[in-house]
Amino acid sequence: MIEQFINFVIRPPRAEYNPDQYLWERDFTLAGRSYKRQDLELRNARGHALQCSHYVPSPFPEDTPLPCVIYCHGNSGCRADANEAAVILLPSNITVFTLDFSGSGLSDGDYVSLGWHEKDDLKVVVSYLRSNKQISRIGLWGRSMGAVTSLLYGAEDPSIAGMVLDSAFADLFDLMMELVDVYKIRLPKFTVKMAVQYMRRVIQKKAKFDIMELNCLKVASKTFIPALFGHGKEDKFIQPRHSDQIFNSYAGDKNIIKFDGDHNSSRPQFYYDSVSIFFYNVLHPPQISSANSSKVDKYYDLGDLKAGAGTDESLLYEIITGLRSTSTDAASSSSVPPSILTAKPVGDLLSEVAPATSIADSMVSEDNGLRSEEPSYLQDKLNGVSEECCSYTSSNRESWGRCSSLGGSDEESSAECTAADISHQVFSSFFHTCVCTTPVRSKQEKSSDMRKEEKEKKKATTAGKKPKREKFEKLEALSKRLRLCIMRRVKHQRHHSS
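Per-chain numbering applies: the sequence of each chain, read as written, is numbered from 1 onward. Owing to the predicted nature of the model, reporting of local features is limited to residues with pLDDT of at least 70; listing and counting of side-chain atom pairs is limited to 80 or more, with chain, interface and lining totals taken over all residues. Hydrogens and water are ignored here; the side-chain numbers use all heavy atoms of the structure.

A.B. asks: I'd like a description of the overall build of the protein chain, backed by residues and values.
C.D. replies: When its secondary structure is counted, the protein chain shows 19 helices and nine strands. Relative accessibility decides the category of a residue: with a 1.4 Å probe and only protein chains considered, values under 20% of the type maximum give buried, values over 50% give exposed, and everything between is partly exposed. Expressed as a percentage of the 498 residues in the protein chain, the buried residues total 48%. Only the protein chains shown count as covering a residue, and every accessible area follows the Shrake-Rupley method with a 1.4 Å probe. Per element, the accessible surface of the protein chain, about 24500 Å² overall, is 51% carbon and sulfur. Secondary structure is summarised from DSSP: a helix means a run of H or I of at least four residues, a strand means a run of E of at least two, and numbering begins at the N terminus for each.

A.B. asks: Quick rundown of the sheet that holds strand 9 (residues 254-259)? Include the residues and the values.
C.D. replies: Think of it this way: DSSP has to see at least two bridges between two strands before they count as a pair. Taken in spatial order, the nine strands line up as 1-2-3-5-4-6-7-8-9 in an open sheet, and their pairing is mixed. Looking at the sheet topology across the chains shown, the edges are occupied by strand 1 (27-30) and strand 9. On average, each strand axis in the sheet is tilted by 20 degrees relative to the strand beside it, whichever way the strands run. The pairing of strand 2 (residues 33-43) with strand 3 (residues 49-57) spans nine bridges and is classified as antiparallel. Its bridge partner being in strand 3, leucine 40 is matched across the sheet by cysteine 52. Two residues form a contact once any of their heavy atoms are found within 4.5 Å. For every element, the axis is a line fit to its C-alpha atoms; helices are fit only across the contacting stretch, and the angle between N-to-C directions ranges from 0 to 180 degrees. Contacts from helix 9 (residues 240-249) reach strand 8 (227-232) and strand 9, with the element oriented near 170 degrees to strand 9. Helix 10 (residues 269-283) contacts strand 4 (66-72), strand 6 (135-143), strand 7 (162-166), strand 8 and strand 9 of the sheet and is inclined by roughly 150 degrees relative to strand 6.

A.B. asks: Residue-level account of the pattern of salt bridges, with values.
C.D. replies: Between side chains of opposite charge, a pair can form as their charged atoms come close. By convention in these notes, a salt bridge is any Lys or Arg side-chain nitrogen within 4 Å of a carboxyl oxygen on Asp or Glu. In this structure the tally under the stated criterion is 14 salt bridges. Residue arginine 37 is joined to aspartate 39 by a salt bridge in which the shortest nitrogen-to-oxygen separation is 2.7 Å. Residues participating in the shared-partner salt-bridge network are Asp20, Arg26, Arg37, Asp39, Arg79 and Asp100.

A.B. asks: Describe in detail the confidence of the model for the protein chain, supporting the description with residues and values.
C.D. replies: For every residue, the predictor reports its confidence as pLDDT, a number between 0 and 100. For the protein chain, mean pLDDT is 73; residues scoring 70 or higher make up 58% of the total. pLDDT under 50 marks residues 290-350. Its contacts with residues more than four places away, or in other chains, come to 108 contacts.

A.B. asks: Residues and numbers for the packing of aromatic side chains, please.
C.D. replies: We call Phe, Tyr and Trp rings a pair once their centres come within 6.5 Å, taking the six-membered ring for Trp, and we label the pair stacked below 30 degrees between planes, edge-to-face above 60, and tilted otherwise. Taken as a whole and judged by the stated rule, the model has 14 aromatic pairs. Ring geometry for phenylalanine 97 versus tyrosine 128: centroids 6.1 Å apart, planes at 50 degrees, classification tilted. Here phenylalanine 97 is found in strand 5 (residues 95-99), whereas its partner tyrosine 128 is found in helix 4 (residues 118-130), with 31 residues between them in sequence. For phenylalanine 97, a relative accessible area of 0% corresponds to the buried category. Centroid distance phenylalanine 259 to tyrosine 271: 4.9 Å. Interplanar angle 50 degrees. Geometry classified as tilted. Of the two residues, phenylalanine 259 is situated in strand 9 and tyrosine 271 in helix 10; the sequence distance between them amounts to 12 residues. Residue phenylalanine 259 is classed as buried on the basis of its relative accessible area, which comes to 1%. Three or more aromatic residues joined by ring pairs form one cluster here, namely Tyr71, Trp141, Phe259, Tyr271, Tyr272, Phe278 and Phe279. In this scheme, Lys NZ or Arg CZ marks a charge over a ring once it lies within 6 Å of the ring centre and within 35 degrees of the ring normal. One Lys or Arg, lysine 119, reaches over the ring of tryptophan 116 and ends 4.3 Å from the middle of that ring.

A.B. asks: Pulling in residues and values, what's your account of helix 7 (residues 189-207)?
C.D. replies: With 19 residues, helix 7 extends 26 Å between its outermost C-alpha atoms, agreeing within 8% with the 27 Å of an ideal straight helix rising 1.5 Å per residue. Within the sequence span of helix 7, burial applies to Val192, Ala195, Val196, Met199, Val202, Ile203 and Ala207. Take helix 7 and look down its axis: the buried residues cluster within an arc of 130 degrees, on one side only. Across helix 7 from its buried face, at more than 90 degrees, point the exposed residues Phe190, Met194, Arg201 and Lys205. To estimate the expected span of a helix, subtract one from its residue number and multiply by 1.5 Å. Directions pointing from the helix axis toward each C-beta atom define the arc.

Here it is as structure tokens:
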């Protein structure tokens, strides 16, 4: 039984696979663009051959280095685990490098070390990418053992741009004690501790590392690389409290996402969206050409509203700050709060501004025609806007912050839904005030009474009409200022963009 537990730690089931069958093809197309898989072999400090693959655009852009994310698999994983990462990151001009760690997959080695020796394998990969002039920034994405590997290496290399740590354990000894309870091994505590000490000596002899030294909490407090943590709420193998402990001890910029699922379940789409946004912000991938435009240009037709050398970024931030107040309700129902990212590039900010500025244009043009019509038309227009808004069914989770190109129709409908939500709130706040101040029915009744009793109650009618006229004039002046303010900002921004 103890031998089985030892093999459970250092010799889990090994993935055996055919690269041409389980990896992406050597030449493939994704989101309308061509990519290729470059297979290579590296050698670590212990002399083990590491089988690696690098997914890059085909052809690789000249004189434009691209960032790279190294995907680190779990203890029973292999290079094939990075297939989803390639789908998520490649459309954002981020290359993906993946490898079989020593003792895993098709690489050399007999044992895994749950991150201890794997961090040295990762060091070899980073050194290789650093020597490649076509690679700029480097990020790490690890799951389970791969997350521990990324964290241990990140503590030694502060040049890493960012890390995604999915289901990392805080301390290996604590994890082993927890697994005794999870698998209901009925032994006294002192017996379990004696067994762990025996396992420690055997593992030191076979795999050449000390399980008592494998503690992520020791390095988390001195690591400052931006990190995004993730963990399944129903994970019984590595319980969510492990990520909580690391997160609380982590010294750098950090955020954490909890999602439904266990240790090996598929991750939800909003988690992948958050990962894509995170790497987009920390790696700053370049926009290669107009044919390979950014997510902003794909999801929204910005017209003249482009981010360029003449764009006033402070104005963009000011406009977005004002617009976010109208979309608070829509964002609050998202499965993951948009506060995951603390700093967004101008490209992501434009994706938020684009639908709102188009609403501002339509609002001004429609309002110019509405000024000369009866308030009853305002009520009809408000009802029409409400019905149109309610016809959209895209979820707020999908409409928030998508950076990867996983399909066009869902994202476009999400963008339309976001625009409709903001439009509905703006129209409601403005028209509701005007309509409630001058009701249609009451205005018609008062106009008929004025015609009948014009001579007899002229003074009383004038005295009662004056305050209402003043209130309506104030509202009209307020709406005029609102239109001028919006038009001035939109025109100023478009002037700089052009």
